Amino acid sequence: MAFIFSTSTYLVGYNLGDEINSHLQSIVKPKGLRYHAVDTEEDLAKALGKICYLAGILHTGDLDEFKAQSSQLDHAFYSLTPSQNTKASLEGLTLEILTKLSSPDLTEIMSLSASEIALSFFPGAEMTFKDIGQRTPQEDDFDAQFAVRCETESSPYKGRCELFVNTDKFNAAHPDTLSSDIEKVKDALREYTNQFIGLVNRSFEASDISTKIGIPSAYTMEDFAAFPKGTLYIPYLGISDSQGIFQIYMGYVHPEKGPAIDLTNIEYHSGDDEIDFF
Amino acid sequence: MAKILVVDDSETLRTQLKKILEAKGHEIVEAENGVVGLEQFSKHSDLGLVLCDVNMPEMDGLTMCERLASDHSDRKVPTFMLTTESSKEMKTRGKAAGVMAWVTKPFVEEKLLKAVDKVTS
C-alpha cells in the first residue's frame, strides 16, 4: 500500500480501475488533495484507519456491508455510475464533492471581515472583497510579492488561512501606507492576517463555536515557494479585492473524518464591540 | 498620565499604540513577547497599566499575566488583554489571572482611550 501522509487530505478511490485512478490522480493534485486507490475492502479499511483528513470515497461495486460498519462516514461515500468514468465527468464529480465540503457561507464572512479590517488597518485604503470561488492558491497565477500563512481552529475543525499581496499594486494605489522595509511590511501583513482571522472567528464565537488562532508567518514569495507546505487543508475558499491587491484563502477540515463545517446559521459579527471589563 | 507597558509581537501594533497613547501624554514601554514583558515589568516599578497581546512567540500573554499574578502579587497593576482571540475559555483564564479588561482587535481608538483613561486618571 502506498504511504499515507497523516497531514494531507485524501480522496479515496475503491475498485475504480487504472484509467479512472490515473484521471483522479491528475484531477485532485491542483485541488490541494491527494488521491489513494484501493481494490479490496481490507485495504480500504486500512487506508481509512491511517487517513486523518478525508474528502470522500469514490467507489464502484457493492460496499453496503462495509458502509454499514462505517456509519460515521455516511457523508463521505460517492457511488460512481458507468456514465461517470470520463475525465470530464470525474472532474465535475470532484468539484461537486469539494463544493459540498466548502461551506460557501464562509466567503461572505471572509469578505466582510477583510473589508472591515482593511479600512481600520490601512487608513484610507477602502477595499471591497468578493468571492473568487472554491479553488486553491496553487490554481492561481496571482502576481504576489508576499504571502502570509496562519493556522486557526473552530472547534473541532482545523483551518488555515493563506493571504497573498501584490505590494506593487498596493503602493501604487495607496502610496506612503506600507513601509519600504521588507521586515516591516511582513510585520504589518502578519498583523493584518491576525486581525482578519480574529474577526472571522468572532462570527464563530457569536454562534458558540470555540476558536483559537495560531501565530501568522509572513514570507516573500521566494521564501514561500521554498517553504514546506505542511498540512494541505481543503476546501479552500478564496476572496479578492476589486483592485487585485489581495487574495485570501481559507479552508477547514474535520480532524476525525467528520462532515463539512456547517455555517448555515452563522452570521457576520462586526468588530465594533464594547470593551469587556471583568 | 501613566507609564504603560505594551506587550505585543507586532511592531506595527506597538507603533500604532505608542502613537495614540503618547499623543495623550502617556509614556510607553515596549516588549515583543511575554518573556520581555516580565523583564520590563520588573524593571519599571511605576507602571500604571499593562496592555498585552495573547498569541506571541516565546511566552504568550495569558501565561505572562499568570506569572505576574503569582510572582508579583504585591503589585496590582491593571492589565488589559488586547487580542484577536475572543473565546470564552481564554477570557475566563484571563479573568482568573487578574486581567481587568478584554479588548478585541480591531479596536476602536476612542473606546480604548476611554478605557485607558478610566484606569489611569
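Now for a description of the structure that goes with this document. (Residues numbered from 1 in each chain as written. Chains lettered and ligands numbered in written order. Predicted model: local features only at pLDDT ≥ 70, side-chain atom pairs only at ≥ 80, totals over all residues. Heavy atoms only, no water.)

Residue and element names in this part refer to chain A. There is a patch of like negative charges on the surface, built from Glu41, Asp62, Asp64 and Glu65. Tracing the backbone through its elements, the reader meets Glu65 in helix H3 (residues 64–69). Given a relative accessible area of 62%, Glu65 falls into the exposed group. (Patch = residues over 30% accessible without salt bridge, like charges linked within 9 Å, V, L, I, M, F, W, Y side chains within 5 Å. Areas by Shrake-Rupley, 256 points an atom, 1.4 Å probe, with all protein chains shown as cover. Salt bridge = Lys/Arg side-chain N within 4 Å of Asp/Glu carboxyl O. Lys, Arg positive; Asp, Glu negative; His and termini not counted. Charge placed at Lys NZ, Arg CZ, Asp CG, Glu CD. Helix = DSSP H or I, 4+ residues; strand = E, 2+ residues; numbered from the N terminus. Buried < 20%, exposed > 50% of the residue type's maximum accessible area, 1.4 Å probe, protein only.)

This part covers the pattern of salt bridges. All names here are of chain A. Applying the stated criterion to the full structure yields 18 salt bridges over all chains. For the salt bridge of Lys186 with Glu183, the shortest nitrogen-to-oxygen distance reads 3.4 Å. Within this pair, Lys186 and its partner Glu183 are both found in helix H7 (residues 182–206), separated by 3 residues, close to a single helical turn. Through salt bridges that share partners, Arg149, Glu151, Arg160 and Glu162 make up one connected network.

Our focus in this paragraph is the pairing of strand S11 (residues 246–253) of chain A. Residue and element names in this part refer to chain A. In terms of residue burial, S11 counts as a mostly covered element, since 8 of its 8 residues are buried. Alternating residues of S11 divide into Phe246, Ile248, Met250 and Tyr252 and Gln247, Tyr249, Gly251 and Val253, and every residue in both groups is buried. As defined by bridge partners, strand S7 (residues 157–165) adjoins S11 across 8 bridges and the pair is classed as antiparallel. Within S11, the residue paired with Glu162 across the bridge is Tyr249. (Pairing = 2+ DSSP bridges.)

Here we have 6 strands laid out as an open sheet, ordered S12(A)-S5(B)-S4(B)-S3(B)-S1(B)-S2(B), and mixed in their pairing. Lying at the two open borders of the sheet, with one neighbouring strand each, are strand S12 (276–277) of chain A together with strand S2 (27–31) of chain B. Where strand S1 (residues 3–7) of chain B and S2(B) come together, 5 bridges link them in parallel fashion. Bridge pairing in S2(B) places Val7(B) opposite Ala31(B).

Across a sheet, strands are paired by hydrogen bonds formed along the backbone, either parallel or antiparallel in direction. All names here are of chain A. The 4 strands are arranged S2-S1-S3-S4 in an open sheet whose pairing can be described as parallel. Both outer strands of the open sheet, strand S2 (34–38) and strand S4 (77–79), are each paired with one neighbouring strand and no more. The sheet shows a mean angle of 20° between the axes of neighbouring strands, direction not considered. Across 3 bridges, the pairing between strand S3 (residues 53–59) and S4 is parallel. Across the sheet, Leu58 pairs through a bridge with Tyr78, a residue of S4. Along the sheet face, helix H1 (residues 18–28) touches strand S1 (9–14), S2 and S3 and points at about 160° away from the line of S2. Helix H2 (residues 41–50) contacts S1, S2 and S3 of the sheet and is inclined by roughly 150° relative to S2. (Axes fitted to C-alpha atoms, helices over the stretch in contact; angles between N-to-C directions. Contact = heavy atoms within 4.5 Å.)

Attention shifts here to helix H3 (residues 61–71) of chain B. Residues and elements named next belong to chain B. If you check which residues of H3 are buried, you get Gly61, Leu62, Met64, Cys65 and Leu68. Along H3, the residues classed as buried sweep out an arc of 160° about the axis, all on the same side. Next to the buried residues of H3 lie S1, helix H2 (34–43), strand S3 (47–52), strand S4 (79–83), helix H4 (88–96) and strand S5 (101–104). Capping the start of H3 is the job of one residue whose side-chain oxygen sits 2.9 Å from the backbone nitrogen of Leu62: Asp60. (Arc of directions from axis to C-beta. Polar contact = N/O pair within 3.5 Å; in protein donor to acceptor, adjacent residues only side chain to side chain.)

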